[in-house]
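The residues making up each chain are set out below.
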Amino acid sequence: MNGLDEDQVAHLVGRLKKQKKLLTSTIGAHGESDANYLAVAGEVHDSGDESVADLLGDIRISSQYRAIDALTEVDEALQRITDGSYGRCIDCGEEIGFSRLVAHSVAKRCINCKEKYENLKLHSSGPSL
Ligand SMILES: [Zn+2]
């Protein structure tokens, strides 16, 4: 098993579901604000300052993408709880540990593999940054 007892799993499921609710409402709220965005974009278009509208659009879209990404991670974590792979590192198979999961409930890797993975990512994206 993943080294977690029933209470710990229940606690983490509770956290994940809360996150999911929050993210879903964030994404929903952004959807509803489209009308406001268009109104603002329309106004600044008239004043000839389109860059402000572009900027607002970029912020709106990137925060929505972030929320969608985060929601995907939460859904994947809930799926891993269902199939029993939750709480184990996807790289080395070691237990991730309850305290790390409380801090980061969508964690897929133990702290060692996470550091390795992020170093790799950092280096592979190298000079273009
Ligand atoms: Zn690992």
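Here is what the cut-offs are and how they apply
Residues numbered from 1 in each chain as written. Predicted model: local features only at pLDDT ≥ 70, side-chain atom pairs only at ≥ 80, totals over all residues. Heavy atoms only, no water. Salt bridge = Lys/Arg side-chain N within 4 Å of Asp/Glu carboxyl O. Helix = DSSP H or I, 4+ residues; strand = E, 2+ residues; numbered from the N terminus. Buried < 20%, exposed > 50% of the residue type's maximum accessible area, 1.4 Å probe, protein only. Lys, Arg positive; Asp, Glu negative; His and termini not counted. Contact = heavy atoms within 4.5 Å. Donors = N, O, S within 2.8 Å, 3.2 Å for Na, K, Ca; no water. Tetrahedral: all angles 85-135°; square planar, octahedral: opposite > 155°, others 65-115°. Core = buried A, V, L, I, M, F, W, Y, C linked by side-chain atoms within 4.5 Å.

Colleague: Would you mind going over the pattern of salt bridges with me for this structure?
Modeller: In a structure, side chains of opposite charge can pair up when their charged atoms sit close to one another. Going through the model one piece at a time under the given rule, you end up with 4 salt bridges. One salt bridge in this structure joins Arg109 and Asp91, with 2.9 Å as the shortest N-O distance. Pair noted here: Arg109 is in the loop between helix H4 (98–103) and helix H5 (111–124) and Asp91 is in the loop between helix H3 (50–83) and H4, with a separation of 18 residues, a long-range link. Here Glu118 makes a salt bridge to Lys114, at a shortest N to O gap of 3.4 Å. Here Lys114 and Glu118 lie together in helix H5, a separation of 4 residues that amounts to about one turn. For Glu118, a relative accessible area of 36% gives the class partly exposed. Among the residues examined, Lys114 registers a relative accessible area of 26% and is labelled partly exposed.

Colleague: What is the right way to look at the side chain of Arg100 in this model?
Modeller: In this structure, Arg100 sits in helix H4. With no salt bridge to any partner, buried Arg100 finds its closest opposite charge in Glu118, at an N-O distance of 7.4 Å. Those residues within four positions of Arg100 in sequence are excluded, and the remaining contacts are Ala107, Arg109, Cys110, Ile111 and Lys114.

Colleague: What am I meant to see in the coordination of the zinc ion here?
Modeller: Ideal values differ by geometry: the angle at a metal is 109.5 degrees with four tetrahedral donors, but 90 or 180 degrees with six octahedral donors. Bound to the zinc ion are the protein donor atoms Cys89 (SG), Cys92 (SG), Cys110 (SG) and Cys113 (SG), situated 2.3 Å from the metal. Viewed at the metal, the 4 donor atoms of the zinc ion are separated by angles of 104 to 118 degrees, and the geometry they form is tetrahedral. Mapping the donors of the zinc ion onto the primary sequence gives the spacing C-x2-C-x17-C-x2-C. You can see Cys92 sitting in the loop between H3 and H4 and its partner Cys110 sitting in the loop between H4 and H5, a full 18 residues away along the chain. For Cys92, a relative accessible area of 39% puts it in the partly exposed group.

Colleague: So what exactly am I meant to see when it comes to the nonpolar core here?
Modeller: If you look at soluble globular proteins, the nonpolar side chains tend to sit buried side by side. With 19 residues, the main nonpolar core has Leu16, Val74, Tyr86 and Leu101 as its most contacted residues. Elements represented by at least two residues in this core include exactly helix H1 (6–32) and H3. Here Tyr86 is in contact with Asn2, Leu4, Leu12, Leu16, Ala77, Arg80, Ile81, Leu101 and Ser105, once residues within four sequence places are set aside.

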